[in-house]
Amino acid sequence: MSNVRLATGGTWKTDTKEWRPKGGRGFYEKQRRPAWRLVPVCVLIAVAVASLSIKKRREPKHNKPPKLHHLAPPIADPLVRAALDVQAGADARLTFTQLLSEEDRVYLNETPTDQRGRAKGRMSAADRMLVLALLGRPGGSYHPGKVRGVRRTGRSIVKKNCLVFGLPGDGRRWTDAGHRLVFLDHRDDAVRTARDEGLNAYVVRYASAPKSSWEASPYTTDQKRLVIDAPSYDFRDEAHIFWDLIIVDGPDSVQKDSSGRAAPVARAAEIVRRQAASHPDRRVDVLVHDAHRSHELELGLAYLSPLAAFANYRSLRASRAPNSTSEVRFAWF
């Protein structure tokens, strides 16, 4: 006897009188499973959704210990801290005065100055304070007590080796402090007077005069123009000395027929490069004076900024403003 197919989907077997639903014998058994078996699955889905949507509560920040890597490291060098204060707008005179010894403060106060803080024949007050602060910084490469044949007693004295291009008015004071200074200047009479006063001064000749004929830009270099001839000073001795401080305060760079300061700034950059290769862990400071003028500033940027950090760039920009009285005129690298 044949089977009869129904429109409802299934088969009725006439011989066995048995209904076979579509999908097999267990179709209706599967359909009759209790709904409570789906409860665990729904609970798991709800927990997962809640964990993604609800933000995790955080403890108050004041209860957590501070993260050390978020704290700025302390600045041990007072001069570096002073430079940051000057960059932030602090008065340069008041900032650097705190770094000077009582003897240096008395010396500066005894020097008569005008309203701008400039003494006749000398730098501004802020510039003089910066040099004295650098010379007074602990450490150095000059040991005046290390003399052959002389027995050392007590604590050894450490001073600075300082190379100066020009003859600043405070040179005598710097020498009296016990530092070893070498002054290089192109004026024969000025060098002669300085040597009579006890300064270690020498005559040099610059091939860069007149600067107006070749310095179209400080970034264009002519090696022949950067040669410094020293008839009375052997530059070979310079290579054996580690210079802690280099000051460029000469020659004159205002007049178009003057030598300009490209040669001494380039020589300072050469010394910095050589000393960084031989003594990478030792510090050298370079000061380019009158950097409130565009030409000296660009010389420092061209030759020295690739080798050393510009410590007072922001404050130097402020000193270039008209009627500025208390800012440093040095470019400090």
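Residues numbered from 1 in each chain as written. Predicted model: local features only at pLDDT ≥ 70, side-chain atom pairs only at ≥ 80, totals over all residues. Heavy atoms only, no water.

This part covers the environment of Asp170. Mapped onto the fold, Asp170 is located in the loop between strand 4 (161–165) and helix 7 (171–176). Classification of Asp170 by relative accessible area gives buried; the value is 2%. Taking the C-alpha atoms as reference points, Asp170 and Arg128, separated by 42 residues in sequence, lie 7.9 Å from one another. Ignoring any residue separated from it by four or fewer positions in sequence, one finds Asp170 in contact with Tyr107, Arg122 and Arg128. (Helix = DSSP H or I, 4+ residues; strand = E, 2+ residues; numbered from the N terminus. Buried < 20%, exposed > 50% of the residue type's maximum accessible area, 1.4 Å probe, protein only. Contact = heavy atoms within 4.5 Å.)

Turning our attention to the nonpolar core. The biggest cluster of nonpolar side chains holds 36 residues, and the ones touching the most others in it are Phe165, Leu184, Tyr233, Trp243, Ile246 and Val286. Counting residues per element, the ones that place at least two in this core are strand 4, strand 5 (180–185), strand 9 (245–248), helix 9 (262–278), strand 10 (285–288) and helix 10 (294–303). When residues in this core are grouped by element, the largest group, eight residues, is from helix 9. Sequence-distant contacts of Ile246, that is, excluding residues within four places in its chain, are made with Leu163, Phe165, Ala268, Ile271, Val284, Asp285, Val286 and Leu287. Within the second largest apolar cluster, 35 residues are counted, among which are Leu79, Leu181, Leu199 and Phe330. (Core = buried A, V, L, I, M, F, W, Y, C linked by side-chain atoms within 4.5 Å.)

Where nonpolar side chains cluster on the molecular surface, the patch consists of Val39, Val43 and Val47 and spans about 250 Å² of accessible area. Positionally, Val43 belongs in helix 2 (residues 39–53). Here Val43 falls in the partly exposed class, since its relative accessible area comes to 46%. (Patch = residues over 30% accessible without salt bridge, like charges linked within 9 Å, V, L, I, M, F, W, Y side chains within 5 Å. Areas by Shrake-Rupley, 256 points an atom, 1.4 Å probe, with all protein chains shown as cover. Salt bridge = Lys/Arg side-chain N within 4 Å of Asp/Glu carboxyl O.)

The next subject is the pairing of strand 5. Burial of strand 5 is extensive: five of the six residues sit out of reach of the surface. Two strands pair when backbone bridges link them, and strand 4 and strand 5 are joined in this way by five bridges, in the parallel orientation. Counted as the bridge partner of Cys162 is Leu181 from strand 5. The parallel pair strand 4 and strand 5 is bridged by helix 7, and the resulting crossover is right-handed. Relative to strand 6 (residues 201–203), strand 5 is paired through three bridges, and the arrangement is parallel. In the sheet register, Phe183 faces strand 6, and the bridge partner there is Ala201. (Pairing = 2+ DSSP bridges. Right-handed = clockwise from strand over helix to strand, strands pointing away.)

Glancing now at the sheet that holds strand 9. Strand order across the open sheet formed by six strands is 6-5-4-9-10-11, with mixed pairing between neighbours. Bordering the open sheet on either side are strand 6 and strand 11 (331–332), each of which pairs with just one other strand. Docked against the sheet, helix 6 (residues 125–136) engages strand 9, strand 10 and strand 11, running at close to 165 degrees with respect to strand 10. (Axes fitted to C-alpha atoms, helices over the stretch in contact; angles between N-to-C directions.)

Turning our attention to helix 5 (residues 102–110). Listed in full, the buried residues belonging to helix 5 are Asp104, Tyr107 and Leu108. One side of helix 5 holds all its buried residues, which, seen down the axis, span an arc of 95 degrees. Exposed side of helix 5, more than 90 degrees from the buried face: Glu102, Glu103, Asn109 and Glu110 are the residues found there. Summarising the contacts, the buried residues of helix 5 are in contact with helix 6 and helix 7. (Arc of directions from axis to C-beta.)

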